[in-house]
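# Notes for the structure review
What follows is each chain in one-letter form.
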Amino acid sequence: MSHARAGEASLSIDLLAGIGDTVRLALTEDIGSGDITAGLVNPEIQAKASVVAREQAVICGRPWFDEVFRQLCPSAIIEWQVSEGDQVSENQCLVNIRGQARALLTAERSALNFLQALSGTASLTAQYVAAVAASQTRIVDTRKTIPGLRNAQKYAVLQGGGHNHRIGLFDGILIKENHIAAAGGIAKAIQQARALNSLVPLMTEAETLEEAAVALSEDVDLLLVDEFSAEMLIQAVRMTRAHRAQGGKTLIEYSGSAQLANIAQLASSGVDRISVGSLTKHIRAIDLSMRFE
């Protein structure tokens, strides 16, 4: 395992898998037994619509947006004016859609919901990435995602320039405080984890420098220092670098209350990664508008 990828999601995991099912659930939730209001529109009428950004943003969610129209109007023509991950400006046209008017009206809200929410995650991620650009620190996400939208949100983090932590409980071992207590100590927990599965990344949290030292002595793939003070974080980074200088592989990640206001200071410690739960937990959807001609 390369140091750059330790603790990150397996490249074999397809974050775009299952889009059809996700969209189908969203449409079922919105349409239910049928779009009553759309009955006002003659089913023979064709229409053209455009989506416009109402603010600056990093655009993300094209595959989900397209799938909404594909399921409701397979003959719809979708012409994107921007690429996935593009930075767009206020009032910029993003996409034009042509198709059956009734279907476009039914699709509008679900399609925009995906595009607005995922663009929100990508845009916030881009802000964090920009804030640490002067360092080598990576911004990574967490499992604090909206149920049913984890792959979509983690995909959005990538589009914003961030990196994925493990996808779920299945593709990495992350030993936390309660695991350590139940196992009888951090060293025992690490040893038991290795015996359990040696094929996935082995990561452990540490709440003290003493626990960090034990994790380094066990050469785990990733050491997460939880809510360390600035002084403790600098010391833990020094310990980790010394460990790697002696042939160890462990990376160090700050885990805790990382915010835009303090992210640059945290990165200046030399930490390899900072995990930010708010990327996927605190969502402010981007303001987009669909206009019909």
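Counting of residues starts from 1 at the beginning of each chain's written sequence and follows it residue by residue. pLDDT decides what is reported in this predicted model: residues at 70 or higher carry local features, side-chain atom pairs at 80 or more are listed and counted, and totals for whole chains, interfaces and linings draw on all residues regardless. Water and hydrogen atoms play no part in the side-chain values, which are based on all heavy atoms of the structure.

## Some thoughts on the sheet that holds strand β10 (residues 251-255)
The parallel open sheet is built from 6 strands, whose spatial order is β6-β11-β10-β9-β8-β7. Whereas interior strands pair on both sides, the edge strands pair on one side only; in this sheet they are β6 (138-140) and β7 (173-175). Each neighbouring strand pair of the sheet contributes to a mean axis angle of 25°, computed without reference to strand direction. In short, DSSP must find at least two bridges between two strands for them to pair. In this description a helix means any DSSP run of H or I spanning at least four residues, a strand means any run of E spanning at least two, and both kinds are numbered starting from the N terminus. The pairing of strand β9 (residues 222-226) with β10 spans 5 bridges and is classified as parallel. Opposite Leu223, over in β10, you have Ile252 as the bridge partner. The contact definition used throughout considers only heavy atoms, calling two residues in contact when any of these lie within 4.5 Å. Only the contacting stretch of a helix is used when fitting its axis, a line to C-alpha atoms as for every element, and angles between N-to-C directions run 0 to 180 degrees. Of the strands in this sheet, β7 and β8 (202-206) are in contact with helix α6 (residues 186-196), which crosses β8 at around 165°. Running at roughly 165° to β8, helix α7 (residues 209-217) makes contact with β8 and β9 of the sheet.

## Remarks on the nonpolar core
Most often, soluble globular proteins have nonpolar side chains that are buried together. Ranked by size, the top nonpolar core spans 43 residues in total, and within it Val51, Phe65, Leu94 and Ile97 carry the most contacts. Those elements that provide at least two residues to this core are α1 (19-31), β1 (46-53), β2 (57-58), α2 (62-72), β5 (93-100), α3 (101-131), α4 (150-159) and β12 (288-292). Ranked by the residues each element gives to this core, the list is headed by α3, at 10 residues. Setting aside residues up to four positions removed in sequence, Phe65 forms contacts with Val51, Trp80, Val95, Ile97, Ala111, Leu112, Leu115 and Met290. Nonpolar cores are built from buried Ala, Val, Leu, Ile, Met, Phe, Trp, Tyr and Cys residues. Side-chain atoms within 4.5 Å join them into one set. Relative accessibility decides the category of a residue: with a 1.4 Å probe and only protein chains considered, values under 20% of the type maximum give buried, values over 50% give exposed, and everything between is partly exposed. If you look at the next biggest cluster of nonpolar residues, it comprises 36 residues, including Ala236, Ile263, Val271 and Ile274.

## Some details on the environment of Leu115
You can see Leu115 is positioned in helix α3. For Leu115, a relative accessible area of 0% puts it in the buried group. Excluding its chain neighbours within four sequence positions, the residues that come into contact with Leu115 are Val51, Ile59, Cys60, Gly61, Arg62, Phe65, Trp80, Leu94 and Leu288.

## Focus: the packing of α1 against α3
Running from amino to carboxyl end, α1 crosses α3 at an angle of 130°, the nearest separation of the two axes being 10 Å. Looking at the two axes, α1 sits oblique to α3. In terms of crossing hand, the pair formed by α1 and α3 is right-handed. In contact with Thr22, Val23, Ala26, Leu27, Asp30 and Ile31 of α1, α3 contributes Thr106, Arg109, Ser110 and Phe114. For the contact of α1 with α3, the residue count by class is 5 nonpolar, 3 polar and 2 charged. Each angle receives one of four descriptions, namely roughly parallel if under 35 degrees, roughly antiparallel if over 145, roughly perpendicular if within 65 to 115, and oblique otherwise. When the near helix sits turned anticlockwise from the far one by under a right angle, the crossing is termed left-handed; a clockwise turn instead gives a right-handed crossing. When residues are sorted by character, Ala, Val, Leu, Ile, Met, Phe, Trp, Tyr, Cys and Pro go into the nonpolar class, Asp, Glu, Lys and Arg into the charged class, and all the rest, Gly among them, into the polar class.

## Looking at the state of the cysteines
Two cysteine sulfurs form a disulfide in these notes if their separation is within 2.5 Å. Inspection of the entire model under this criterion finds 0 disulfides. The structure places no disulfide on Cys60, whose sulfur is separated from the nearest cysteine sulfur, that of Cys93, by 18 Å. Classification of Cys60 by relative accessible area gives buried; the value is 0%.

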